[in-house]
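The chain contents come next:
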Amino acid sequence: MSDGRFFISESDLRALAADLLGAGTEVIAPVAVDACASPAAMASSACMRPGMEPEDLEYRALTDASQLDLGRGLPILSLKGYFLPEHEALCRWKQKGTTIEIEAVPTEFAPRVVLAAKPCDSAALAVVDEVMNWDYQDELWNGRRAATTIINLACPVIDESCFCTAVGAAPDATTGADGLLMPVKDGYVLEATTEKGRALVEAHKARLVGSVPAETLGRQAADERSAASARVAGNLEIDAGSVRDWIDTHFEDPLLASLAIRCNGCGACSSVCPTCHCFDIVDEEEGVGRGTRRRCWDTCQSPTFTLHASGHNPRDDQNARYRQRINHKFAIYPLRFGEVLCTGCGRCTRVCHAGQDLVEILQAIDIAARRPDEAEAAAAPEPAPAAPEPVTS
Amino acid sequence: MNIYQPQLATVTEVIDETSDTRTLRLEFQDEAVRESFTFKAGQFGEYSVFGAGESTFCIASPPTRAGFIECSFKAVGKVTAALREVNVGDIVGFRGPYGNSFPVDDWKGKDIVFVAGGIGLAPVRCVIWNVLDRRDEFGDVTIVYGARSVEDLVYKRELEEWASRDDVRIVTTVDPGGETKDWTGEVGYVTPVVEKTAPAAANAVAVLCGPPIVVKLTLPVLDKLGFADEAIFTTLENRMKCGLGKCGRCNIGPVYVCKDGPVFTAAQLKELPAEF
């Protein structure tokens with residue numbers, strides 16, 4: 001095929017993964033894992049019921065190509081942790097008498113490949129690239145980005161919490177990735193979209209078929225693509241530009257200030273978010289006079305995030321903290337970097353045990369932004385009932 | 001060396017400013033860094049004690065004094081408590097300088113009014129010395145400084161030095177009840193003392209730093225005295241971690257304090273949400 005697209009069967013895709021593993025390349029891909037494996041999960045009723053073996057999907061480094069899960073479900077966590085680990089060393093120190101030695105950490109990483117990534121997860125990496133490079137270059141982030149080739153697998157759309165098309169992403173996009181796998185009859189069409197992607201294709205030509213009629217493949221793929229896009233667009237349609245401008249100019253608006261009514265500030269949304277990148281820097285002692293300075297994920301939903309040593313806290317209630325989350329994602333970041341800090345994966349909504357629903361929230365803001373009259377009518381308070389007469393005895 | 005890796009610096013002097021506030025003088029271990037390190041008045045850094053972590057302070061010494069930097073801090077948290085324990089000869093970490101600076105060069109020929117409360121004198125002191133080291137380039141210099149009590153006044157030796165100069169007008173004040181028998185300065189909060197001192201606003205700029213309440217109450221007084229919002233400069237002290245515009249902590253509305261600040265004019269402050 002001259003248009004850079006190839007056919008690959010499922011067995012050849014697994015063989016390609018096996019070839020990579022055989023050559024010593026790390027391959028990260030969705031893997032079905034025992035959902036009850038963690039100590040916390042042991043308390044879940046599903047895990048205690050005999051005969052139930054609930055599974056979760058996670059991005060894992062494959063130890064065998066057969067683990068590669070091509071069922072197109074959504075991994076619990078995004079790819080974020082492979083680029084901004086939950087915690088990572090920034091440097092190490094060792095004290096010898098009165099002197100201190102600093103040991104640098106490597107900023108170059110071994111090449112690795114991600115297979116069957118979710119388009120919303122690769123897109124998130126491209127969004128976060130901006131903040132990691134707008135002035136100072138974050139070599140740890142950049143080193144991992146440079147070392148990684150990402151091949152997306154087109155997404156069939158998971159459920160009603162998905163809204164990638166509302167924030168400029170798409171179920172078949174390759175933003176932040178190097179290529180795309182598109183399911184067709186008996187296999188996939190593989191298309192490389194960057195130099196890194198083309199290098200991967202070139203190195204594994206033996207597993208690819210270039211002689212399948214391009215037209216047939218193209219039509220099958222196009223049908224699924226438009227169906228998925230239509231499905232996700234049905235979940236949420238907003239004008240991201242109006243939403244951005246409205247949030248930017250309505251800091252004190254009751255709508256923004258009341259969004260957190262159900263939120264109890266656990267920060268799970270930040271953990272599962274592919275674009276949330278805020279971090280803390282802490283020292284970890286590892287014996288007398290030596291230790292590691294680490295950065296670790298943090299969340300603006302925690303009251304200590306902005307707490308001054310004096311006790312003063314600029315964002316001292318959950319409404320202010322939730323507003324910051326919405327403001328940062330849909331106004332501050334787009335105004336600064338031109339990109340929404342959200343790719344519509346919907347994980348925050350699914351994980352929230354209090355029921356905060358980002359689809360609903362963005363819909364409400366979009367209505368306020370686009371149709372101010374309607375929003376005012378909807379927000380108008382019911383006539384207050386007459387106050388009951390005080391009971392005297 | 002990645003951007004989060006600190007330089008090592010040796011503590012060469014420890015000065016107790018008050019019972020809980022201390023100044024450290026630091027010299028970089030690496031000779032090349034020691035010789036090439038420059039910064040501008042108002043910039044800050046991340047100071048660290050290995051094992052305790054990093055903390056954000058302004059560089060309190062002026063850029064016109066090369067070869068060392070100084071920081072002043074009150075021991076209130078984990079890192080500052082650890083910094084309180086270091087002695088001359090000990091080694092600490094430093095990353096910086098970060099952030100923007102006071103546009104001192106734009107102030108040539110102008111009168112300068114410094115207003116500070118408590119430990120807020122630290123960033124202002126950097127600018128004061130910067131201006132005094134280049135005294136001929138500026139007009140009248142007025143300093144109004146207040147603290148809770150005489151004991152809480154920081155940089156006492158320098159307050160005396162400034163008071164002894166005939167090219168500086170300095171007014172020091174302590175909160176009512178904070179005065180001692182032999183106190184000869186003012187008694188009262190900083191804000192009314194600024195009003196009473198009434199520095200001329202024509203062709204002048206004001207540099208204001210202190211606890212949030214002092215900044216909040218003093219801004220209207222400066223306005224009343226005729227200072228335009230664009231001629232009032234302050235420095236925000238938000239909680240920070242990276243100092244590099246990455247970690248998201250110092251975000252106020254559209255502003256990353258570590259990158260767009262820490263120095264802001266009153267005009268810029270009024271555009272920001274009240275989250276500082």
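Residues numbered from 1 in each chain as written. Chains lettered and ligands numbered in written order. Predicted model: local features only at pLDDT ≥ 70, side-chain atom pairs only at ≥ 80, totals over all residues.

## Regarding the overall build of chain A
Then, number 1: Within chain A one finds 13 helices and 11 strands.
Then, number 2: Looking at chain A residue by residue over its 393 residues, the buried ones come to 41%.
Then, number 3: For chain A, the proportion of contacts with a sequence separation of at least 24, taken over those separated by at least 6, is 73%. (Helix = DSSP H or I, 4+ residues; strand = E, 2+ residues; numbered from the N terminus. Buried ≥ 20, exposed ≤ 12 C-beta atoms within 10 Å, placed from the backbone. Contact = placed C-beta atoms within 7 Å.)

## Some remarks on the overall build of chain B
Then, number 1: Counting its secondary structure elements, chain B contains 8 helices and 15 strands.
Then, number 2: At 18 Å, chain B has a C-alpha radius of gyration in line with the 19 Å of a compact globule built from 276 residues.
Then, number 3: Principal-axis analysis of the C-alpha atoms gives chain B an extent of 50 × 45 × 35 Å.
Then, number 4: For chain B, the proportion of its 276 residues judged to be buried stands at 49%.
Then, number 5: Sequence separation of at least 24 residues holds for 70% of the intrachain contacts in chain B that already meet a minimum separation of 6. (Rg over C-alpha atoms; globule rule 2.2 N^0.38 Å.)

## Points about helix α1 (residues 10–22) of chain A
Since the α-helix packs 3.6 residues into each turn, any two residues three or four apart lie on the same face.
Residue and element names in this part refer to chain A.
Then, number 1: A rise of 1.5 Å per residue sets the reference length of α1, with its 13 residues, at 18 Å; its end C-alpha atoms lie 18 Å apart and thus fit the reference within 8%.
Then, number 2: For α1, the set of buried residues is D12, L13, R14, L16, A17 and L20.
Then, number 3: Packed against the buried residues of α1 are β1 (5–9), β2 (26–34), β6 (112–117) and β9 (187–192).
Then, number 4: Immediately beyond the C-terminal end of α1, within one or two residues, lies G24, with a positive phi of roughly 85°. (Expected span 1.5 Å × (residues − 1).)

## Description of the domain arrangement of chain B
All names here are of chain B.
Then, number 1: Taken as a whole, chain B is organised into domain 1 (7–98) and domain 2 (104–235).
Then, number 2: The gap between the C-alpha centroids of domain 1 and domain 2 is 24 Å.
Then, number 3: Domain 1 puts 15 residues into the contact, and the matching count from domain 2 is 16 residues. (Domains from an automatic or database assignment.)

## Considerations on the environment of A206 of chain B
Residue and element names in this part refer to chain B.
Then, number 1: Of note, A206 is situated in strand β11 (residues 204–209).
Then, number 2: On the basis of neighbour counts, which here come to 25 C-beta atoms within 10 Å, the residue A206 falls in the buried class.
Then, number 3: As a C-alpha pair, A206 and F227 span 21 residues in sequence and 7.6 Å in three-dimensional space.
Then, number 4: For A206, the contacting residues outside a window of four places in its chain are V113, V115, L222, F227, A231 and I232.

## Some points on the domain arrangement of chain A
All names here are of chain A.
Then, number 1: Domain annotation of chain A identifies domain 1 (5–86 + 108–233) and domain 2 (240–377).
Then, number 2: On a C-alpha basis, the centres of domain 1 and domain 2 stand 26 Å from each other.
Then, number 3: Across the contact, 25 residues belong to domain 1 and 21 residues belong to domain 2.

## Topic: the sheet that holds strand β4 (residues 53–58) of chain B
All names here are of chain B.
Then, number 1: Spatially, 6 strands are ordered β4-β3-β6-β1-β2-β5 in an open sheet, and the strand pairing comes out antiparallel. With partners counted over all chains shown, the strands left at the sheet margins are β4 and β5 (69–74), one partner each. On average, each strand axis in the sheet is inclined to that of its neighbour by 40°, with strand direction left out of account.
Then, number 2: Of the strand pairs in this sheet, strand β1 (residues 7–16) and strand β2 (residues 21–28) are connected by 7 bridges, and their pairing is antiparallel. (Pairing = 2+ DSSP bridges. Axes fitted to C-alpha atoms, helices over the stretch in contact; angles between N-to-C directions.)

## A short note on the sheet that holds strand β5 (residues 99–104) of chain A
Residue and element names in this part refer to chain A.
Then, number 1: Read from one edge to the other, the open sheet built from 4 strands follows the order β5-β4-β11-β10, with strand pairing classed as antiparallel. If you trace the sheet from one side to the other, it starts and ends with β5 and β10 (279–285), each paired once. Averaged over all pairs of adjacent strands, the angle between their axes in this sheet comes to 25°, without regard to strand direction.
Then, number 2: In this sheet, strand β11 (residues 290–297) lies alongside β10 in antiparallel orientation, the contact comprising 7 bridges. Across the sheet, V282 pairs through a bridge with R294, a residue of β11.

## What to know about unusual backbone geometry
Then, number 1: For the peptide bond that leads from G96 of chain B to P97 of chain B, omega is 0°, which places it in the cis range.
Then, number 2: By the secondary structure assignment, P97 of chain B is in strand β6 (residues 91–98).
Then, number 3: In this structure, P262 of chain B follows G261 of chain B across a cis peptide bond, with omega equal to 15°.
Then, number 4: For P262 of chain B, the location among the structural elements is in the loop between α7 (257–260) and β15 (263–265).
Then, number 5: Positive phi values are uncommon outside glycine, yet R72 of chain A reaches one of about 65°.
Then, number 6: Take R72 of chain A: it is sitting in the loop between β3 (55–61) and β4 (87–96).
Then, number 7: For R72 of chain A, a count of 18 C-beta atoms within 10 Å translates into the label partly exposed.
Then, number 8: Although it is not a glycine, V157 of chain A adopts a positive phi angle of roughly 80°.
Then, number 9: Checked against the element boundaries, V157 of chain A lands in the loop between β7 (148–153) and β8 (179–184).

## Digging into helix α3 (residues 119–133) of chain A
Residue and element names in this part refer to chain A.
Then, number 1: Relative to the 21 Å expected for 15 residues at 1.5 Å per residue, α3 spans 22 Å between its end C-alpha atoms, a close match to the ideal helical length.
Then, number 2: A large share of α3 lies buried, amounting to 11 of its 15 residues.
Then, number 3: For α3, the set of buried residues is P119, C120, D121, S122, A123, A124, L125, V127, V128, V131 and M132.
Then, number 4: Those residues of α3 hidden inside the fold are in contact with β6, α4 (139–147), β7 and α10 (318–337).

## Focus: the packing of helix α5 (residues 190–197) of chain B against helix α6 (residues 212–225) of chain B
Residue and element names in this part refer to chain B.
Then, number 1: Relative to each other, α5 and α6 sit at 20°, their axes nearing to 9 Å. Our classification of the angle between α5 and α6 gives roughly parallel. Crossing geometry of α5 relative to α6 is assigned as right-handed. Residues V190, T191, V194 and E195 of α5 pack against V214, L217, T218 and V221 of α6.
Then, number 2: Classifying every residue of the contact of α5 with α6 by side-chain character gives 5 nonpolar, 2 polar and 1 charged. (Parallel < 35°, antiparallel > 145°, perpendicular 65-115°, else oblique. Left-handed = near helix turned anticlockwise from the far one by under 90°. Nonpolar A, V, L, I, M, F, W, Y, C, P; charged D, E, K, R; others polar.)

## Brief notes about the packing of helix α7 (residues 240–249) of chain A against helix α12 (residues 358–370) of chain A
All names here are of chain A.
Then, number 1: Remark: α7 packs on α12, axes separated minimally by 9 Å, with the N-to-C direction vectors making an angle of 80°. By the angle class used here, α7 and α12 are roughly perpendicular. Contact residues: S242, V243, W246 and I247 in α7; L362, I365, D366, A368, A369 and R370 in α12.
Then, number 2: Of the residues belonging to the contact of α7 with α12, the class tally is 7 nonpolar, 1 polar and 2 charged.

## Focus on the environment of A169 of chain A
Then, number 1: Note that A169 of chain A resides in the loop between β7 and β8.
Then, number 2: Once residues within four sequence positions are removed from consideration, A169 of chain A is found in contact with P119, C120, A123, C164, T175, T343 and G344 of chain A.

## Observations regarding the environment of G51 of chain A
Residues and elements named next belong to chain A.
Then, number 1: Looking at the secondary structure, you find G51 in the loop between α2 (45–48) and β3.
Then, number 2: For G51, a count of 4 C-beta atoms within 10 Å corresponds to the exposed category.
Then, number 3: Each C-alpha atom, one on G51 and one on C273, is 32 Å from the other, the two residues being 222 residues apart in sequence.

## A look at the pairing of β5 of chain B
All names here are of chain B.
Then, number 1: Within β5, 6 of the 6 residues are buried, which leaves the element mostly enclosed by the surrounding structure.
Then, number 2: The two faces of β5 match: I69, C71 and F73 on one face and E70, S72 and K74 on the other face are all buried.
Then, number 3: Alignment of β2 against β5, held across 6 bridges, turns out to be antiparallel. Residue R25 lies in a different strand from β5, and its bridge partner there is E70.

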